[in-house]
Amino acid sequence: MPITAEEIKNKLQSPGDDLVFFVNGKKITEKNAEPEKTLLTYLRRNLGLTGTKLGCAEGGCGACTVMVSKYHPHQNRIIHYAVNACLAPLCSLHHCAVTTVEGIGSMASKLHPVQERIAKAHGSQCGFCTPGIVMSMYALLRNNPQPSMHDVQEAFQGNLCRCTGYRPILEGYRSFTKDGGCCGGKAQSNGCCMTNEHTQEHDSSTLPVQKLYDQSEFMPLDPTQEIIFPPELMVKQPQRELRFAGERVLWIQPCSLEELLELKATYPNAKLVVGNTEVGIEMKFKNLFYPVILAPAYIPELNIIQNTQDGIQVGASVTLTVLGDVLRAAVKKLPAHQTEVFKAVLEQLRWFAGQQIRNVAVCHVPEDSEIKFFMYVSGLVNYWEKRVIEMDGKFFPGYRKTILKPEEILLSIEIPYTRKGQYFSAFKQSPRKEDDIAIVTCGMNVFFKEQSNIVQSIRISYGGMAPVTVLATATCNRLLNRQWNEELLEEACTSLAEEMNLSPSAPGGMVTYRRTLTISLFYKFFLNVQHKLSLDLLKEVFNIVFFLDSPSSVQLYQVHKYLDDVVGQPIMHLSALKQATGEAIYCDDIPCYENELHLALVTSTKAHALIKSIDTSDAMAVPGVVAFISAKDIPGSNMTGPVVYDETVFADDKVTCVGHIVGAIVADTQAHAQRAAKAVKISYEELQPVIVTIQDAIANKSFFQPVRSIERGDVAQGFKDSDHILHGEMHIGGQEQFYLETNCTLAVPRGEDGEMELFVSTQSASKTQALVAKALGVSANRVVCRVKRMGGGFGGKESRSTILSTVVAVAAHTVKRPVRCMLDRDEDMLVTGGRHPFFGHYKVGYMNNGRVMALEVTLYSNAGNSLDLSLSVSRALFHMDNSYNIPNIRGTGYVCKTNLPSNSAFRGFGGPQGMMIAESWMSDVALSCGLPAEEVRRMNMYKEGDFTPFSQRLDNFTIDRCWEECMQLSDFNKRKDAVEQYNRQHRWTKRGLSIIPTKFGISFTAVFLNQAGALVLVYSDGSVLLTHGGTEMGQGLHTKMVQVASKTLGIPCSKIHITETSTNTVPNTSPTAASASSDLNGMAIYNACQTLLQRLQPYKDKNPKGCWEDWVSISESSVFRQNLGYDFETNSGRPFNYFSYGVAVSEVEIDCLTGSHKNLHTSIVMDVGKSLNPALDIGQVEGGFMQGLGLFTLEELRYSPDGYLYTRGPGMYKIPAFGDIPIELKVSLLRDAPNEKAIFSSKAVGEPPLFLAASVFYAIKDAITAARAESNLTGPFRLDSPATPERIRNACEDKFTKLCPPADPGTFIPWAVQV
Ligand SMILES: Cc1cc2nc3c(=O)[nH]c(=O)nc-3n(C[C@H](O)[C@H](O)[C@H](O)COP(=O)(O)OP(=O)(O)OC[C@H]3O[C@@H](n4cnc5c(N)ncnc54)[C@H](O)[C@@H]3O)c2cc1C
Ligand code: FES
Ligand code: FES
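Model, not experiment: these values are computed from the prediction.

Section: helix α26 (residues 911–929)
- Taking 1.5 Å per residue, 19 residues should reach 27 Å; α26 reaches 27 Å between its end C-alpha atoms and fits that length.
- Two residues or fewer past α26, glycine 930 is found with a positive phi of approximately 70°.

What follows is the structure, given as C-alpha cells:
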C-alpha cells in the first residue's frame, strides 16, 4: 500500500540510525545524518576540514575530490576511488573510509610526495584546484603505484585548473610514472635529455640552461606508509535496513532485493540513488525535490556481472568504472568479431565525464550514450513480477523518461556480443573532448548477408536530435538489401538530411551543425565498415584520430649569473606547499563565527522590467531564515560602481539584466538561505526594448559615452594608393573568468562606531572598502578590507567582487551579526559578467605584395547594463594594430549598453580582442594575395624606433628577435612542408600552421591607477613583515615581492613574510590588475627598503661587524607613482610605460567531418625582460596561453534572445582541460632583454601571453583553408571566435554541409544569440 505524505512526515520525526564512517583514520559516528547534506559540506562545516574545496557543486571541476575506500565483499578486497565530495551524499558513506588532502600529509607533519611534487614542479598557482588534483593523483597511486602517463591523464579528466595551463602538473607527476620524467625523445631538440643540442645551442650564455626544479630532490613514494584501511570496516554492509531521517528527506538503504522491492511498492515515488550524479544535480540546480530516497548500491543482485549466452549481464548498481574493467577484460579475451559493441562502449566511456563520476555513476542512466539502444534490459522487476525487454525506441517515451512503472526497478542490463558479419560503431561529438555532454551522439549497427556486402539489417540511432534518442528508421529501411558502396552512401546521406531534420529554433541551438553531424558521423561509420569489409583499404581510420597523446614540453630561460642573487631564481610559489596540503586559507575557509549567518542572493529573472511586487512570505517560512534584505535596508547610498555610480546595490524599482541583484536572504545555513531565496516571488512589468546583442545596441544606438577614436596619417589617401581594398567582419565571444574560487565575502560588524571588518576574495581591497563605506553611509576609516589570497581572479574580482561584498556588508550591518556568502558557481556566472564580447568591421587597403597601406576599423564591445570599467576596454583601440605598422589608420570604439550583467576586466582587457581583429584582416590580406600569411605578417611588422598610431615610440623593440627565435624553436619551415604534405595525403583531416606576434602595452589605461604603496616593518628579532598594495591570486606576486625585498635589503627570503593585503596597512591601493602589480608594488617596496637601508646606515657604520639583527627595529612605508597619460582628443601623451612582446607558432589538426581539433604543437618566445622569477613567469606564460586557447577555441557563453544565460557551470561552459594542452609545448623566455623601465629590469607578464593563443585559432583557420580548397573554395572567409567544432565544421563546406543549408536569418527565433 503506497504511503502518504503525512506518513512520510511522521517517519522523519522518528530517530534514524547512526551513520558510521572514518575520515582520515578517525572514526565518526553521526547521529543526525542529514540526507540532503553532501560529504563536502560535512567535511568543511562539521569537521572543519577546509582543504577540500568547492568549485562548482556539480561534479565538473574536481576541486572537491577526496578518496573513498571500502571493503568490496563480492571481490573480497578493499577498493579505493576518487569521488566528488560535492555530489557524494553523506548518507552513502556508511562503513566507508574517506581520505582528504589533510589526511595524506601536511607542512606541520610530513608532506606526501604527491603534495610535494605538484608544488615543487610549479603546478600550483592560486592553489584552489590543487587539493583536488592531489587527491586524484593520490587515488590513482593507491590503486597503481606505477601508472603510465596515460593513466595519469585519465585520472585528471575530471579536474580543472584555470591558472597553470596543466603542463607543470603533468610534468611533475610524470615522475611517478613508468616513463619516469622522460619525454621519450619527443621533444627532440632544445631541452630533451636524450639529446645534447639544448645546452650546445646556448653556449654563448654564461651558464647552461637549467631545469625549473630538481627532480632528484623529490621524496620517494613509499606505498607502505599510507593510512591503513580501518580493520573494523572489513565487513559487509549491515544485513539490515538503514534509515537516516533529515529535515525533509528520508534516506533508506535496503539490504536485500526483496526489501528494496517492498520499499518501492510502499514508496512508488521514491527516488533510487546510486552515484547521485544525476539526482544530486536535479535537487541542487533544477529545484526538484524527492522526499524519499532509496539507496540500492549494496544489493547483491544489482551488483552481478555475468556472462550469458548472448552477452554480458551487468547489475543496475554496477558503476561505469567497473563496467569499463569488465569490458576491457572481455575484449582482451574474446574473438574480435564478438566485441564490436564492447569496444564502442569502451570508446564512449573514455569520454564520459571524469574519473570521479565514472567511479560512482551507474551505467544504465547515461543520456548521451547511444549504445544503450543496442542493449537489453535483462530485468525490470517489481514486487509482483519481472520482465525482460529490449531497449528500443519505446524504452524512452519522453525527455528523461523511461517506460519503468513507478513501483518497478531496473535489475540489470545485458550488453550483447556481436556476430561475424556485424559491425558496430558509436560516436560522440561534444564541444570539448574530455568530460563533456554530447552535442550529437550515435550508435550504428549493420549486419551483412553471409559472405557479402549486402545489408541484411541496419540500425542507426541519434541522441541530441530530439528530446529522446531517435532511430533513423526510414533511412535504415531504404538501405536494406543494398550493397555497401558509394551509392548507398549517397542515398543514406540524402535520406538522413530529410529524416534528421530540426526546427531552426530547436533547443540547444547549433541546428545546421547538428544536422550535418548526423550525416558526417554516418560517413565515418560508412568508411569504418568499408574498411573492415576490406573492400577498399583506406589509409585513414577516423575514430582513432583523437586519442590521448602523452604531452612533452620544454622550458628555456636564462640562468642568472649570480646564483646568490635571489632575484632571477625559479623559486617555488611561497604558498605552493600549503596549497598542496590544504593548509592555505582562502576566504571561505575562515572558521565560522558562533553567531554567523549565511546569505543567498535573490536575482532578477527578467532582462528589463519594473518590479511590481516582492512576496517573501514563503521564504520567511523556511526554517532558519532571519531576514530578507533589500534596497530599503541600505543606510547610505544604494548607488554604486567602480568608476561612476551608475548601478544599484539592490535594484529598487527596475531591473536591467537577468541576474540583477534584487535582494538577499540571510539564514542560519547556506542551504536554508538558498532554499528561501528560491521561494521569493517577484512580479514584473516587462519593458522594451530588451537589448541583448551588439547588433541590438547598434540598431538602438545604445552606447556609453564617449565614443573614442585614434587616427594617424591620411586614411582616404591610403585607400586611394592601395592596389586592393577588402572589407571584413569578426565577432569575438565573451569569456567567463572561471576563477576556481567563486566570489566570497565574510562581513563582521565590530559593534562600535560603525566599524565593519571584511574578509573578501577581491583584487581590489580599497575599492571594496570605499564602496562598502558608501553603502553603509560611514567614512572609509570605519571599514577594513582584508585579503589573504584568492583562488584566481583574472580581472573578475577587480570590480565585480564589490557587488557581493557590498550586499553582504549591508546584511551584516542590518542583522548586526557576521554574514558570509560564497557564491555558488551558477550564481557567480550569472551575476558577475565576464570578458566583453566584441564585434569589429574593417576596411583594409593593401598592395599586391601584401603591404597594408590603410586601415579603417570600428570596434564594438558589449558592456552590459553598467559602465563598470568598460571605458578602459578602449585598450582594444590601442591594440588595433597588434604589431603592424600601418601608415594610415583610423580606429573607432563604441561601448554598447545592453541588458546583460555588466562585463568587466579579464586578462588583457580588450587588448586581445583588438589584436584578434587585426589578425583577421591580416589573414584576409594574405589569403586574397595568395601569399603565405607569415610573409605578409613579417613584412608589415614594426621596427625599432617606429611610432604607434597613438604616437608612442617603440624602443627596445624585440618582436623581431622573438620571431626569429620562435621560427627556429618550432622548426617552422620544416613543419610547414610536413603540413602541406599531410594535407595532400588526407581528405577529411587537415593540418594548419600559424605564427602570431603580440605587442602589449603595460600600465593601467586609467592613469591615476598607476601607483602603489608598501609598508616594511622590521622587528627587533630581524624578521621583516612586508605589506604592499597588491593581492595574491596565484600569480606569485607575493613571492616576487619577497624576492625584491630580499635582494634590496640583502637578507634571505626566509626572514621576510607577507601575511595579507589590507586597507589598514597600505591605504588607497590600486587593484591588482593590468599586469602592472610587480612593476608598481616592486618599485614601492624597493623605495621603502632603500629608505630603510639609509636609516640603518648610521647603525651599520657604528657597528660594521654586526649583523642585520643588530641594526634593525624600524619601519618604512613608501608610495610609488608612474607619470603616464594619453589624450584621445589630441593624440598625444604616453599611455604605456613600455611594451611586452612575444611570438607563438602553433600547429593543429582538424577533423573536417566533426569540426574537432587537436593542438599538436606550440612554441612560444616571450620577452619578460630580465625575469624576476622564471618559474613564475613561465607559469604565467603557459597559464595565460591556455586561457587564450579557451577564449579563441572553446569557451562559449550562450544567451537566449531575451538575455538569459544558459551556460552557468562547468557542465555547459567548457574551459580547457588537461586534454587540451598542445601535445608538444615549448616556451622560451627571450634572453638578454633587460627592461630599464621596471623593477630590476623585469617586464610584466600576466596579460601579454594570453593573446598568443590566437596562433591556435589562425592555425585552425589555415587548416580550414586547406579543407575548403578541396571544395574549390579560395580567398578570405569569415571565422568568428571561438573556433568551436560547430564553426570549424560549418566552415569546411563540402557535399554534406550542402545537404543541410541554414534557415534564413530573421525567419525564426533562435534558441541562442551571439551577444
Ligand atoms: C560532471 C558530470 C558529467 C557527466 N557526464 C555525462 C556524460 O558524459 N554522459 C552522460 O550520459 N551522462 C553524464 N552525466 C550524467 C550522469 O552522470 C549519468 O547519467 C550517470 O550515469 C548517473 O548515474 P548515477 O548513479 O550517479 O545516478 P543517480 O543520480 O544516482 O540516479 C540516476 C537515475 O537513475 C535511477 N536509477 C538508479 N538505479 C536504478 C534502478 N536500479 N532502477 C531504476 N532506476 C534507477 C535513479 O532513480 C535516478 O533517476 C554527467 C554527470 C555529471 C555530474
Ligand atoms: S566542486 Fe565538486 S566537482 Fe566542482
Ligand atoms: S592553480 Fe589551478 S585553479 Fe589556480
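Next comes the rest of the description.
Notes on unusual backbone geometry
- Of the consecutive residues glutamine 688 and proline 689, the connecting peptide bond is found in the cis state with omega at -5°.
- Relative to the elements of secondary structure, proline 689 occurs in the loop between β27 (681–686) and α20 (694–699).
- Of note, the bond from glutamine 705 into proline 706 is cis; its omega dihedral lies within 30 degrees of zero at 0°.
- Its place among the elements puts proline 706 in strand β28 (residues 703–712).
- One non-glycine residue, alanine 353, lies in positive phi territory at about 45°.
- Tracing the sequence through the fold places alanine 353 in the loop between α12 (340–350) and α13 (355–358).
- Notably, phenylalanine 1240 is not glycine yet its phi reads approximately 45°, a positive angle.
- Secondary-structure assignment places phenylalanine 1240 in the loop between β47 (1224–1229) and α34 (1254–1270).
- Residue phenylalanine 1240 is classed as partly exposed on the basis of its relative accessible area of 22%.

Quick notes on the site of ligand 1
- Around ligand 1, the surrounding shell holds 32 residues, and the nearest of these are Leu272, Val274, Thr277, Val279 and Leu410.
- Here an oxygen atom of ligand 1 and a backbone polar atom of alanine 353 are 3.3 Å apart.
- Out of a free accessible area of 990 Å², ligand 1 has 91% covered by protein chains.
- For the shell around ligand 1, the secondary-structure elements that each account for two or more residues are β8 (271–272) and β14 (409–416).
- Looking at side-chain class alone, the shell around ligand 1 contains 19 nonpolar, five polar and eight charged residues.

Observations concerning the side chain of glutamine 579
- The residue glutamine 579 is located in helix α17 (residues 576–581) in this model.
- Within polar-contact distance, the side chain of glutamine 579 engages the side chain of serine 124 at 2.7 Å.
- In this view, glutamine 579 contacts Ser124, Gln125, Cys126, Gly127, Thr130, Pro131, His573, Ala584, Tyr586 and Arg789; residues no more than four positions away in its chain are not counted.

A few points about the side chain of arginine 825
- Residue position: arginine 825 is located in helix α24 (residues 825–831).
- There is no salt bridge for the buried arginine 825, and the closest opposite charge comes from glutamate 736, which lies 4.7 Å off by N-O distance.
- With residues up to four places along the chain from it excluded, the contact list for arginine 825 reads Gly55, Cys56, Phe738, Tyr739, Leu740, Glu741, Thr742, Arg1208, Gly1209 and Pro1210.

The rules behind the values
Residues numbered from 1 in each chain as written. Chains lettered and ligands numbered in written order. Predicted model: local features only at pLDDT ≥ 70, side-chain atom pairs only at ≥ 80, totals over all residues. Heavy atoms only, no water. Helix = DSSP H or I, 4+ residues; strand = E, 2+ residues; numbered from the N terminus. Expected span 1.5 Å × (residues − 1). Buried < 20%, exposed > 50% of the residue type's maximum accessible area, 1.4 Å probe, protein only. Near = heavy atom within 4 Å. Polar contact = N/O pair within 3.5 Å; in protein donor to acceptor, adjacent residues only side chain to side chain. Areas by Shrake-Rupley, 256 points an atom, 1.4 Å probe, with all protein chains shown as cover. Nonpolar A, V, L, I, M, F, W, Y, C, P; charged D, E, K, R; others polar. Contact = heavy atoms within 4.5 Å. Lys, Arg positive; Asp, Glu negative; His and termini not counted. Salt bridge = Lys/Arg side-chain N within 4 Å of Asp/Glu carboxyl O.

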